[in-house]
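Architecture at a glance
One-letter residues, chain by chain:
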Amino acid sequence: MIEIDPQYLAHRYMAQWTVADSVERRVAIEQLWSEDATHTLQSPAEIREIAAQLGFVNTTLEAQGYDAIETRVARSYERFVETGGLTFRARADAVRLHGVVKFGWETVSTETGDVVGGGMEILVLDDDGRIKADYMFPGA
């Protein structure tokens, strides 16, 4: 496996979520992710609660491959950055253990600079140092 600075990777990963231009966003995704990568999101607590009331035990949300990941990143950008007045940044805590990178991230108000949320990310890398699996835990 190639050498990768985990903090630099965390920064690049978080930056893709704030790219306004769709062409630049796609380029960022193709540089960061392997072609068949999977982004797995722990659904928000309110979704898990509603699902449990309906008898669903699995509320994991997934996007696989460039197109699905691009759609996921674009919708997040539209909701949180473009119209929500928020941005995202990596915390300075990225660590790597073999092919796994773990780091925390923050959701920040662009108006006040206040941290209004965040979570934890676990990235599994392929031999080329690209993301093959991403596990996102909002609120962690």
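Our structure's up above, just so we're on the same page.
Residues numbered from 1 in each chain as written. Predicted model: local features only at pLDDT ≥ 70, side-chain atom pairs only at ≥ 80, totals over all residues. Heavy atoms only, no water.

1. Looking at the environment of valine 27
Among the structural elements, valine 27 can be located in helix H2 (residues 22-32). Note: C-alpha distance between valine 27 and glutamate 70 (43 residues apart in sequence) is 9.9 Å. (Helix = DSSP H or I, 4+ residues; strand = E, 2+ residues; numbered from the N terminus.)

2. Concerning the packing of aromatic side chains
Following the criterion strictly, the structure yields five aromatic pairs and no others. Residues tyrosine 13 and tryptophan 33 carry aromatic rings whose centres are separated by 6.1 Å and whose planes lie at 45° to one another, so their mutual orientation is tilted. Of this pair, tyrosine 13 sits in helix H1 (residues 6-16) while tryptophan 33 sits in strand S1 (residues 33-41); the two residues are 20 residues apart in sequence, bridging distant segments of the chain. Grouping residues by exposure puts tyrosine 13 and tryptophan 33 together as buried. Taking the centre distance of 6.3 Å and the plane angle of 75° together, the rings of phenylalanine 80 and phenylalanine 88 count as edge-to-face. Pairwise contacts between aromatic rings join Tyr13, Trp17, Trp33 and Phe103 into one cluster. The ring centre of tyrosine 77 lies 5.3 Å from the NZ or CZ of arginine 25, which sits over that ring. (Phe/Tyr/Trp six-rings, centres within 6.5 Å; stacked < 30°, edge-to-face > 60°. Buried < 20%, exposed > 50% of the residue type's maximum accessible area, 1.4 Å probe, protein only. Lys NZ or Arg CZ within 6 Å of the ring centre and 35° of its normal.)

3. Details of a nonpolar patch on the surface
A contiguous nonpolar surface patch, about 350 Å² in accessible area, is contributed by Ile50, Leu54 and Phe56. Relative to the assigned elements, isoleucine 50 resides in helix H3 (residues 45-53). (Patch = residues over 30% accessible without salt bridge, like charges linked within 9 Å, V, L, I, M, F, W, Y side chains within 5 Å. Areas by Shrake-Rupley, 256 points an atom, 1.4 Å probe, with all protein chains shown as cover. Salt bridge = Lys/Arg side-chain N within 4 Å of Asp/Glu carboxyl O.)

4. What to know about the pairing of strand S5 (residues 100-109)
Burial analysis of S5 places eight of its 10 residues in the buried class, the great majority of the element. Sheet topology note: the strand S3 (residues 86-90)/S5 ladder contains five bridges and is antiparallel. Across the sheet, arginine 89 pairs through a bridge with glutamate 106, a residue of S5. Inspection of the sheet shows strand S4 (residues 95-97) paired to S5 by three bridges, in the antiparallel sense. Along S5, the bridge assignment pairs leucine 97 with valine 100. Hairpin connection, S4 to S5: the antiparallel pair is bridged by two residues, and histidine 98 has positive phi, about 55°. (Pairing = 2+ DSSP bridges.)

5. Structural notes on the nonpolar core
In terms of nonpolar packing, the biggest core is built from 26 residues, with Tyr13, Trp33, Phe103 and Leu123 touching the most fellow members. Listing elements by their share of this core, those giving two or more residues are H1, H2, S1, helix H4 (65-82), S5, strand S6 (115-125) and strand S7 (131-138). Examining the composition of this core, we find that five residues originate from one element, H4, more than from any other. (Core = buried A, V, L, I, M, F, W, Y, C linked by side-chain atoms within 4.5 Å.)

6. Digging into the layout of surface pockets
Size it by volume and the largest pocket reaches roughly 640 Å³. Contributing to the lining of the largest pocket are 29 residues, with Leu41, Pro44, Arg72, Phe80 and Pro138 lying nearest its centre. Counting residues per element, the ones that place at least two in the lining of the largest pocket are S1, H3, strand S2 (61-64), H4, S3, S5, S6 and S7. No other element matches H4, which puts six residues into the lining of the largest pocket. Residue composition of the lining of the largest pocket, grouped by class: 14 nonpolar, nine polar and six charged. (1 Å grid on protein atoms, 1.4 Å probe; cavity = no way out; pocket = protein on both sides within 12 Å on 5 of 7 lines; lining within 4 Å. Points joined across faces, edges and corners; volume = space filled by probe spheres on them. Nonpolar A, V, L, I, M, F, W, Y, C, P; charged D, E, K, R; others polar.)

Without other data, these values stay purely geometric and don't point to any function.
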